[in-house]
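# Observations on chain architecture
What follows is the residue order along each chain.
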Amino acid sequence: MKVVVYPGSFDPMTKGHLDIIERGAKLADRLIVAVLVNANKMPMFTLEERIEILKAGTTHLKNVEIVPFTGLLVDFLKQNGARTVVKGLRAVSDFEYELQMAQANRDLYPEMETIFLCTNVQYSFISSTVVKDILRHGGDISHLVPQEAINIIEKILGGKDNGSGSTGRN
Ligand code: PNS
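## Focus: helix 1 (residues 15-26)
- With 12 residues, helix 1 extends 17 Å from end C-alpha to end C-alpha; this agrees with the ideal 16 Å at 1.5 Å per step.
- Two or three places before glycine 16, at the start of helix 1, stands the capping residue threonine 14, its side-chain oxygen 3.1 Å from that residue's backbone nitrogen.

Listed below in structure tokens is the structure:
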């Protein structure tokens, strides 16, 4: 069985992520979306929320699982019988960091490979950072995030609205 891992922070999931998940799922018997537990010091969404949003956005994909991970990615690969990582490349600016990560990972685990998928051009400007910025200011994210995921995001943020137009989140 070919197990492929797509790691990231997914704070929150975007249509760009979904593009890579859908295409990665075609390359695998089982695609594990590995959600980093400590995304950064101040994620907008908790681990549980990021997982719930991802699950909502990927229900149509039967060979995709959403799993939390902590520690080294290579250890997660070994624990899950995977030797392949898939990542998306939006622009040349992504490449330097991704190349370093891929080389560091292979240095730790020479049997693994990282496959880079070029993001579809209509999603190349989308990032979680852009989505969070728009959310903080009450803007429209319907073209940036899958609708099923937006329903969960609205449910999560709905309970926290203080009427100031801000989400009150990082
Ligand atoms: O969505 P992101 O934040 O760009 O994802 C980064 C991620 C999760 C792929 C990366 O930070 C990661 O793999 N972290 C786990 C620690 C690790 O294995 N680092 C690489 C070896 S130095």
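Structure shown, so let's carry the discussion forward.
## What to know about the site of the ligand
- Around the ligand sit Pro7, Gly8, Ser9, Leu36, Phe69, Gly71, Leu72, Leu73, Lys87, Met101 and Asn105, and those are all the residues in its vicinity.
- Between serine 9 and the ligand, the recorded distance is 2.5 Å, taken from a side-chain N or O atom to an oxygen atom.
- Between an oxygen atom of the ligand and a main-chain N or O atom of leucine 73, the distance comes to 2.8 Å.
- Protein burial of the ligand: of its 550 Å² of free accessible surface, 70% is covered by the chains.
- Listing elements by their share of the shell around the ligand, those giving two or more residues are strand 1 (3-8) and helix 4 (92-108).
- Class assignment of the residues belonging to the shell around the ligand gives a composition of 6 nonpolar, 4 polar and 1 charged.

## Comments concerning the environment of isoleucine 153
- Tracing the backbone shows isoleucine 153 in helix 6 (residues 147-158).
- What makes isoleucine 153 buried here is its relative accessible area of 1%.
- Spatially, the C-alpha atoms of isoleucine 153 and glycine 8 are 18 Å apart, while their sequence positions differ by 145 residues.
- The contacts of isoleucine 153, once residues within four sequence positions are left out, are Pro12, Phe45, Ile53, Leu135, Ile141 and Val145.

## Re unusual backbone geometry
- In this model, aspartate 11 is joined to proline 12 through a cis peptide bond whose omega is 0 degrees.
- Tracing the backbone through its elements, the reader meets proline 12 in the loop between strand 1 and helix 1.
- Despite not being glycine, phenylalanine 10 has its phi angle at roughly 50 degrees, a positive value.
- Inspection of the secondary structure puts phenylalanine 10 in the loop between strand 1 and helix 1.

## Focus: the side chain of threonine 119
- Along the chain, threonine 119 falls in the loop between strand 5 (113-118) and helix 5 (128-136).
- You can call threonine 119 buried: its relative accessible area is 12%.

## Remarks on the sheet that holds strand 1
- One open sheet accounts for 5 strands, arranged 3-2-1-4-5; its pairing is parallel. Each edge of the open sheet carries a strand with a single partner, namely strand 3 (64-69) and strand 5. Sheet twist, expressed as the average angle between the axes of neighbouring strands with direction ignored, equals 30 degrees.
- Two strands pair when backbone bridges link them, and strand 4 (residues 84-89) and strand 5 are joined in this way by 6 bridges, in the parallel orientation. Across the sheet, valine 85 pairs through a bridge with threonine 114, a residue of strand 5.
- Set on the sheet, helix 2 (residues 47-57) makes contact with strand 2 (30-36) and strand 3; between it and strand 2 the angle comes to about 150 degrees.

What counts and how
- Residues numbered from 1 in each chain as written.
- Predicted model: local features only at pLDDT ≥ 70, side-chain atom pairs only at ≥ 80, totals over all residues.
- Heavy atoms only, no water.
- Helix = DSSP H or I, 4+ residues; strand = E, 2+ residues; numbered from the N terminus.
- Expected span 1.5 Å × (residues − 1).
- Polar contact = N/O pair within 3.5 Å; in protein donor to acceptor, adjacent residues only side chain to side chain.
- Near = heavy atom within 4 Å.
- Areas by Shrake-Rupley, 256 points an atom, 1.4 Å probe, with all protein chains shown as cover.
- Nonpolar A, V, L, I, M, F, W, Y, C, P; charged D, E, K, R; others polar.
- Buried < 20%, exposed > 50% of the residue type's maximum accessible area, 1.4 Å probe, protein only.
- Contact = heavy atoms within 4.5 Å.
- Pairing = 2+ DSSP bridges.
- Axes fitted to C-alpha atoms, helices over the stretch in contact; angles between N-to-C directions.

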